[in-house]
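# Working through the structure, step by step
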Amino acid sequence: MYRLSKLRFGFPIGLFFWLLIDGTVSQVFSAQLFRTPSTMVSHLVVLWLVCGAIFEADSALSMPLARWAAVAGAVFDLYYTGIFGLYVFIFPLVIYMTRRLVSWIRPNFLSGLLVYFIDITVVEALGYLASRAMHLNDASGNAFLVNTLGPTLAFNLAMFVILYFPIRWVYNWLK
């Protein structure tokens, strides 16, 4: 069924679009997002991937989300972080976790918000742990929780609330 839908081409185009928008939001609003000591990291790419897994559970489509997540992670690593390998593994892990969580709960707006909350927490925590392991970050765990994870969750959950229904409309149009 996936082979015959417009989603076959629409999903990668949307993924590329959200990669660009993610960087654009970070660049344009850098004074507000990255104000010392707090940091809000935009993860709109993760939003697109998570919505793909949530909306996939509502339909008979089986998209290769893990492959697209690995490709998005590679582009994200090479273009935004400059270190190859971290998000190549984190994004497919998020897809795996989302599919597992969605198989246990009925996908709707509120459960999607909870799943996205968990996914953003995992993405940020794994990124923090990896940067600590490579000695790129010397912030304490408490500082990470208060100054990075909290504001990042607030920003991304607000983006989920704003963008969930437009993204759902796009997915339904592409199916």
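The preceding data block contains the structure.
These lines cover the structure that appears in this document, whether it is placed above or below.

Taken as a whole and assessed by the stated rule, the structure comprises 1 salt bridge. Between Arg-99 and Glu-56 there is a salt bridge; the shortest N-O distance is 3.0 Å. Of the two residues, Arg-99 is situated in helix 5 (residues 86–104) and Glu-56 in helix 3 (residues 44–58); the sequence distance between them amounts to 43 residues. Residue classification places Arg-99 among the partly exposed positions, given a relative accessible area of 31%.

Moving on: the nonpolar core. Counting residues in hydrophobic clusters, the biggest one holds 45 residues, and the most contacted among them are Phe-11, Phe-91, Ile-167 and Tyr-171. Every element with two or more residues in this core is listed here: helix 1 (7–28), helix 3, helix 4 (65–81), helix 5, helix 6 (109–133) and helix 7 (141–174). Apart from residues lying up to four places away in sequence, Tyr-171 is in contact with Leu-7, Phe-11, Trp-48, Cys-51, Gly-52, Phe-55 and Met-63.

Right, let's talk about a nonpolar patch on the surface for a bit. A contiguous nonpolar surface patch, about 390 Å² in accessible area, is contributed by Val-71, Val-75, Tyr-79 and Tyr-80. Relative to the helices and strands, Val-75 resides in helix 4.

Pro-37 follows Thr-36 through a cis peptide bond whose omega is 5°. On the secondary structure map, Pro-37 appears in the loop between helix 2 (30–33) and helix 3. Positive phi outside glycine occurs at His-135, with the angle close to 60°. Looking at where His-135 falls in the secondary structure, it is placed in the loop between helix 6 and helix 7.

Between helix 5 and helix 6, the shortest axis-to-axis distance is 10 Å and the interhelical angle comes to 155°. Here helix 6 runs roughly antiparallel to helix 5, going by the angle between their axes. Between helix 5 and helix 6 lies a crossing of right-handed hand. Along its contact with helix 5, which presents Leu-86, Tyr-87, Ile-90, Leu-93, Val-94, Met-97, Thr-98 and Leu-101, the element helix 6 presents Val-115, Ile-118, Asp-119, Val-122, Val-123, Leu-126, Gly-127 and Ala-130. Class assignment for the residues of the contact of helix 5 with helix 6 results in 13 nonpolar, 2 polar and 1 charged.

Attention now goes to the side chain of Thr-152. Here Thr-152 lies in helix 7. Engagement of the side chain of Thr-152 in a polar contact is seen with the backbone oxygen of Thr-148, the distance being 2.7 Å. Apart from residues no more than four positions distant in its own chain, Thr-152 is found in contact with Thr-39, Met-40, Val-41, His-43, Ile-120 and Glu-124.

With that settled, consider the layout of surface pockets. Estimates place the volume of the largest pocket at around 660 Å³. If you trace the largest pocket, you find 23 residues lining it, with Val-41, Thr-81, Tyr-87, Glu-124 and Gly-127 closest to the centre. Per-element accounting of the lining of the largest pocket gives the leading share, 4 residues, to helix 6. Looking at the lining of the largest pocket residue by residue, the class counts come to 12 nonpolar, 9 polar and 2 charged.

The rules behind these values
- Residues numbered from 1 in each chain as written.
- Predicted model: local features only at pLDDT ≥ 70, side-chain atom pairs only at ≥ 80, totals over all residues.
- Heavy atoms only, no water.
- Salt bridge = Lys/Arg side-chain N within 4 Å of Asp/Glu carboxyl O.
- Helix = DSSP H or I, 4+ residues; strand = E, 2+ residues; numbered from the N terminus.
- Buried < 20%, exposed > 50% of the residue type's maximum accessible area, 1.4 Å probe, protein only.
- Core = buried A, V, L, I, M, F, W, Y, C linked by side-chain atoms within 4.5 Å.
- Contact = heavy atoms within 4.5 Å.
- Patch = residues over 30% accessible without salt bridge, like charges linked within 9 Å, V, L, I, M, F, W, Y side chains within 5 Å.
- Areas by Shrake-Rupley, 256 points an atom, 1.4 Å probe, with all protein chains shown as cover.
- Axes fitted to C-alpha atoms, helices over the stretch in contact; angles between N-to-C directions.
- Parallel < 35°, antiparallel > 145°, perpendicular 65-115°, else oblique.
- Left-handed = near helix turned anticlockwise from the far one by under 90°.
- Nonpolar A, V, L, I, M, F, W, Y, C, P; charged D, E, K, R; others polar.
- Polar contact = N/O pair within 3.5 Å; in protein donor to acceptor, adjacent residues only side chain to side chain.
- 1 Å grid on protein atoms, 1.4 Å probe; cavity = no way out; pocket = protein on both sides within 12 Å on 5 of 7 lines; lining within 4 Å.
- Points joined across faces, edges and corners; volume = space filled by probe spheres on them.

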